[in-house]
Amino acid sequence: MFAFMTLGAQGSWSFILPFRATKLAALLLVAYTVAVSTVLFQTVTNNRILTPAVMGFDSLFVLGQTLLFAVLGSQATLSIDPRLRFLADTVLLVVFAGLLYRWLFSGGERSLHLLVLVGIIFGVLFRSLANFVQRILDPNEFAVLSDTLFASFNSIDKTLLAISALIVALVTLAGARLFHTFDVLALGRATAINLGVAHRRVVTLVLILVSILVAVSTALVGPVLFFGLLVSALAHYLVGSHRHRHLLPAAVLLAVVLLVGGQVVLERVFAFNTALAIVIEFLGGVVFILMILKQSRAR
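Residues numbered from 1 in each chain as written. Predicted model: local features only at pLDDT ≥ 70, side-chain atom pairs only at ≥ 80, totals over all residues. Heavy atoms only, no water.

Peer 1: It is not clear to me how the overall build of the chain should be interpreted in this structure. Could you clarify?
Peer 2: Helix and strand content of the chain: 14 helices and zero strands. For the chain, the succession of helices and strands along the chain, N to C, is α-α-α-α-α-α-α-α-α-α-α-α-α-α. Scored against the burial criterion, the 299 residues of the chain give a buried share of 47%. For the chain, the proportion of contacts with a sequence separation of at least 24, taken over those separated by at least 6, is 75%. Carbon together with sulfur atoms contributes 68% to the accessible area of the chain, which is approximately 15300 Å² in total. (Helix = DSSP H or I, 4+ residues; strand = E, 2+ residues; numbered from the N terminus. Buried < 20%, exposed > 50% of the residue type's maximum accessible area, 1.4 Å probe, protein only. Contact = heavy atoms within 4.5 Å. Areas by Shrake-Rupley, 256 points an atom, 1.4 Å probe, with all protein chains shown as cover.)

Peer 1: Is there a simple way to think about the packing of aromatic side chains in this case?
Peer 2: The relation between two aromatic rings is expressed through the spacing of the ring centres and the mutual angle of the planes. Summed over the entire model, instances satisfying the criterion amount to two aromatic pairs. Between F179 and F182, the ring centres sit 5.6 Å apart and the planes meet at 70°, which makes this aromatic pair edge-to-face. Residue F179 and its partner F182 are located together in helix α9 (residues 179–185), separated by three residues, close to a single helical turn. Here F179 falls in the partly exposed class, since its relative accessible area comes to 35%. The class of F182 is buried, set by a relative accessible area of 4%. (Phe/Tyr/Trp six-rings, centres within 6.5 Å; stacked < 30°, edge-to-face > 60°.)

Peer 1: Any chance you could explain the side chain of T22 here in plain terms?
Peer 2: When you line up the elements, T22 lands in helix α2 (residues 13–45). Excluding its chain neighbours within four sequence positions, the residues that come into contact with T22 are I156, K158 and L161.

Peer 1: Where do I start with a nonpolar patch on the surface in this structure?
Peer 2: There is a patch of nonpolar side chains on the surface, built from L87, V91, V95 and L99 and spanning about 360 Å² of accessible area. Assignment of secondary structure puts V91 in helix α5 (residues 82–105). Owing to a relative accessible area of 44%, V91 belongs among the partly exposed residues under this scheme. (Patch = residues over 30% accessible without salt bridge, like charges linked within 9 Å, V, L, I, M, F, W, Y side chains within 5 Å. Salt bridge = Lys/Arg side-chain N within 4 Å of Asp/Glu carboxyl O.)

Peer 1: How should I be thinking about the environment of M5 in this particular structure?
Peer 2: Positionally, M5 belongs in helix α1 (residues 2–6). Owing to a relative accessible area of 16%, M5 belongs among the buried residues under this scheme. Each C-alpha atom of the pair M5 and F19 lies 9.3 Å from the other, and the pair is 14 residues apart in sequence. Residue contacts for M5: discarding those within four places in its chain leaves W13, L17, R20, A21 and L24.

Peer 1: How should I be thinking about the packing of helix α3 (residues 57–72) against helix α7 (residues 139–149) in this particular structure?
Peer 2: A pair of packed helices is characterised by two quantities: the angle between their axes and the separation of those axes. At a closest axis distance of 10 Å, the pairing of α3 and α7 adopts a crossing angle of 150°. Between α3 and α7, the interaxial angle falls into the category roughly antiparallel. Judged by the twist between their axes, the crossing of α3 over α7 is right-handed. Across the interface between the two elements, V62, Q65, T66 and F69 from α3 touch E141, V144, L145, T148 and L149 from α7. (Axes fitted to C-alpha atoms, helices over the stretch in contact; angles between N-to-C directions. Parallel < 35°, antiparallel > 145°, perpendicular 65-115°, else oblique. Left-handed = near helix turned anticlockwise from the far one by under 90°.)

Peer 1: Honestly, the pattern of salt bridges in this entry has me stumped. Any pointers?
Peer 2: Pairing between side chains of opposite charge can happen when the charged atoms of each approach one another. The full count for this structure, using the stated rule, is one salt bridge. Salt-bridge contacts for R243 lead to D183; the nearest nitrogen and oxygen are separated by 3.2 Å. With R243 in the loop between α12 (227–239) and α13 (244–268) and D183 in helix α9, this pair connects stretches of sequence that are 60 residues apart.

Peer 1: Help me understand α2, please; the structure alone is not making it clear to me.
Peer 2: Helical periodicity: at 3.6 residues per turn, an α-helix aligns residues three or four positions apart in one direction. Across its 33 residues, α2 extends 47 Å between first and last C-alpha, which sits within 8% of the 48 Å expected from 1.5 Å per residue. Backbone geometry just downstream of α2 places N46 in the positive-phi region, at approximately 55°. (Expected span 1.5 Å × (residues − 1).)

Peer 1: Teacher, can you tell me more about the side chain of H236 here?
Peer 2: Mapped onto the elements of the fold, H236 is located in helix α12. Accessibility expressed as a relative area gives 12% for H236, which makes it buried. The contact partners of H236, leaving out residues within four places of it in the chain, are Q42, R48, S241, H242 and L247.

Bear in mind that shape data such as this cannot, by itself, settle questions of function.
This is how it looks when you write it as structure tokens:
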């Protein structure tokens, strides 16, 4: 963080420090939300390969942005108040998650893995619809749309950042009340129930909190698919413990190191010749493939 704020600083410090501080705050917020949401999602699903991205959140965000550009055009879409767009994106993602969870936990007993499977199917559907609409867009409109679909930390609205930080703080306080159940949930549904955890209620609450964190992060800077998987896998490997009081801080700190450090390298070494999201997605994809191969060999 010190390197991010000071390296290559030329000109007036009164301008440089506030400008970089806004970007740094956005990086820290995204690092926190992605790391916490991924670790908690893997806890309730009892699977270290799954991430909230498989539920279709990122695909739904892409579809929503694509439809806006197709219906209104790039100029009209970009002229919409950023706070209104942020609110609409967040509400859309949270409502989608709420409907999925309501379907899962209403009526007869349904498996949590069924929820994941349905989320994957919806993600493929949303991505396919978005690709179809993008193919019939004007090339100039598509070029502008492509820029908005990459996670970007270069143009962060301070008002949106403050709103996001407030939402994340409230979610953190709500999650702190459930903290004592996280280690038990990681033992599996049957064990958690035998140890006195109201599994259905707690899992529902955790999934709602995860959905809000993912929605805020995605609406603020855009989708980051494999970043959570990357930091979660590294945290498990380096910490060597399933205790969440060690795992969660480690995942958050690793996310901060990767995001802030990656941005420093990107700006000072590559001079913005590539997008940080592309590098992160590449590394996360490699980790995802390695984890699948490792599980296949274990079987």
